[in-house]
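Fold and geometry: a report
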Amino acid sequence: MLTPIQKLAIGGALVAIGLLAAYWALLFFAQRSILFPAPRLAGAPPRPTDAEQIWLNTSFGRVEAWYLPAIRSAGGAAPLLVFSHGNAELIDYWPEEFDEPRRWGVGVMLVEYPGYGRSDGAPSQPSITEGMLAAYDWAKQHADVDASRIIPYGRSLGGGAASILALARPVPALILESSFSSVAAFAAGFGAPAFLVRDKFDSVAALRSFKGPTLILHGDRDDIVPPHHARALAAAASEATLKFMPCGHNDCPRPWADVRAFLDQHGLLMPAR
């Protein structure tokens, strides 16, 4: 027969298990609304006049992308950065930020997430993957794009999307900025076990298979995605350049000097005229 203390201990354990199960259930069902907090379009800057609006066809509808041609042309097809932004952003926020690489002779493609902005569908790893692959396939056929120099560039959550593209299509290099090693590793900080994570975006696993050079940029004061994620990414990559910046997560200046040095080092920029 159980003593009162034993009954109390068992009752407390059952309550703790019940609370943990409820918390895990909440995380399982709410995680996509947490991971993908799509901002409203109201107040977003207008599309620049030199940005070509692209509609990418997918199994769930159309995904929007903007193609920004190189400002300075060195003649012939140009390299292309395929950019995937953070989870609380829109492509509408980014065109001016890419004026600098466009002046080098590099084109830019800003790819929206499904369910964000004007895009159809709902965000998830499968739907985002489909959109990124459609963007690459569109760019590969564009006359002004050098298909051998299409470079995925992802910031924050976008690093997961860029890593998937680097694994699924032949690309010469990869750029990751303020990115996590995986959603599972990120979620562990919130007490969520890996088996609950629906959209894993396992960039470490992708980098173990990707054989090209990878530039990893990260704020040394990032308290949203701590710097140990960048170190894990660098350790997984076959050829990594790791650069820490004096900033946090959302306050980092555009790292164009490091990006240009990386692209130049690997022969991915247009020759100077």
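Residues numbered from 1 in each chain as written. Predicted model: local features only at pLDDT ≥ 70, side-chain atom pairs only at ≥ 80, totals over all residues. Heavy atoms only, no water.

**What to know about the nonpolar core**
Leu-56, Leu-80, Met-109, Phe-201 and Leu-207 are the most contacted members of the largest nonpolar core, which has 48 residues in total. With seven residues, helix 3 (residues 125-140) is the largest single contributor of residues to this core. With 27 residues, the next largest nonpolar core counts Leu-68, Trp-104, Cys-247 and Leu-263 among its residues. (Core = buried A, V, L, I, M, F, W, Y, C linked by side-chain atoms within 4.5 Å. Buried < 20%, exposed > 50% of the residue type's maximum accessible area, 1.4 Å probe, protein only. Helix = DSSP H or I, 4+ residues; strand = E, 2+ residues; numbered from the N terminus.)

**Comments concerning the sheet that holds strand 1 (residues 52-58)**
Reading across the sheet, the eight strands line up as 1-2-4-3-5-6-7-8 and stay open at both edges, with mixed pairing between neighbours. Strands with a single pairing partner mark the edges of an open sheet, and in this sheet they are strand 1 and strand 8 (239-245). Ignoring strand direction, the axes of neighbouring strands in this sheet form an average angle of 20 degrees. Bridge count for strand 3 (residues 78-84) against strand 4 (residues 107-111) is four bridges, and the pairing is parallel. Its bridge partner being in strand 4, Val-82 is matched across the sheet by Met-109. Across the sheet, helix 4 (residues 157-168) lies against strand 3, strand 5 (145-155) and strand 6 (174-177), angled at about 150 degrees from strand 5, the strand it touches most. Packed on one face of the sheet, helix 8 (residues 256-265) meets strand 5, strand 6, strand 7 (213-219) and strand 8 and runs near 170 degrees to strand 7. (Pairing = 2+ DSSP bridges. Axes fitted to C-alpha atoms, helices over the stretch in contact; angles between N-to-C directions. Contact = heavy atoms within 4.5 Å.)

**Considering the packing of aromatic side chains**
What characterises a pair of aromatic rings is the spacing of the ring centres plus the angle enclosed by the ring planes. Under the counting rule described, the total for this entry stands at 10 aromatic pairs. A ring pair is formed by Phe-83 and Trp-94, whose centres lie 4.7 Å apart and whose planes are at 55 degrees; its orientation type is tilted. In this pair, Phe-83 sits in strand 3 while Trp-94 sits in the loop between strand 3 and helix 2 (99-104), placing the two residues 11 residues apart along the sequence. For the pair Phe-83 and Trp-94, a shared accessibility class is recorded, and that class is buried. An aromatic cluster is present here, built from Phe-83, Trp-94, Phe-98, Trp-104, Tyr-153 and Trp-256 joined pairwise through their rings. Residue placement shows Arg-62 over the ring face of Trp-55; its charged tip is 4.1 Å from the ring centre. (Phe/Tyr/Trp six-rings, centres within 6.5 Å; stacked < 30°, edge-to-face > 60°. Lys NZ or Arg CZ within 6 Å of the ring centre and 35° of its normal.)

**Re the side chain of Ser-127**
With respect to the secondary-structure elements, Ser-127 resides in helix 3. The contacts of Ser-127, once residues within four sequence positions are left out, are Phe-60, Pro-114 and Ala-122.

**Focus on the state of the cysteines**
Counted according to the given criterion, the structure contains one disulfide. The partner cysteine of Cys-247 in its disulfide is Cys-252, sulfur to sulfur 2.0 Å. Judged by the torsion about the S-S bond (85 degrees), the Cys-247/Cys-252 disulfide is right-handed. (Disulfide = S-S within 2.5 Å.)

**Let's talk about the packing of helix 3 against helix 4**
Relative orientation of the contacting elements helix 3 and helix 4 amounts to 60 degrees, with a least axis distance of 9 Å. Of the possible angle classes, the one that applies to helix 3 and helix 4 is oblique. Taken as a pair, helix 3 and helix 4 cross one another with a handedness that is right-handed. Of the residues in helix 4, those touching helix 3 at Gln-125, Ile-128, Thr-129, Met-132, Leu-133 and Tyr-136 are Ala-161, Ala-162, Ile-164, Leu-165 and Ala-168. Across the contact of helix 3 with helix 4, the residue classes tally to nine nonpolar, two polar and no charged. (Parallel < 35°, antiparallel > 145°, perpendicular 65-115°, else oblique. Left-handed = near helix turned anticlockwise from the far one by under 90°. Nonpolar A, V, L, I, M, F, W, Y, C, P; charged D, E, K, R; others polar.)

**A few points about the pattern of salt bridges**
Overall, the coordinates contain 10 salt bridges when judged by the stated rule. In this structure, Glu-100 and Arg-103 form a salt bridge, with 3.1 Å as the shortest nitrogen-oxygen distance. With Glu-100 and Arg-103 both in helix 2 and three residues apart, this pair spans about one turn of that helix. Residue classification places Arg-103 among the partly exposed positions, given a relative accessible area of 44%. (Salt bridge = Lys/Arg side-chain N within 4 Å of Asp/Glu carboxyl O.)

**What to know about the environment of Ala-232**
Mapping Ala-232 onto the fold places it in helix 7 (residues 228-236). A relative accessible area of 30% means that Ala-232 is categorised as partly exposed. Counting along the chain gives 52 residues from Ala-232 to Phe-180, while the straight-line C-alpha distance between them is 8.8 Å. Setting aside its immediate chain neighbours within four residues, Ala-232 contacts Ser-181 and Val-204.

**A closer look at the pairing of strand 7**
With seven of seven residues buried, strand 7 lies mostly within the body of the structure. Bridge count between strand 6 and strand 7: four bridges; the pairing is parallel. Opposite Leu-176, over in strand 7, you have Ile-216 as the bridge partner. Looking at chain direction, strand 7 and strand 8 are connected through seven bridges and run parallel. By the bridge assignment, His-218 is partnered in strand 8 with Phe-244. In this fold, the crossover linking strand 7 to strand 8 by way of helix 7 has right-handed handedness. (Right-handed = clockwise from strand over helix to strand, strands pointing away.)

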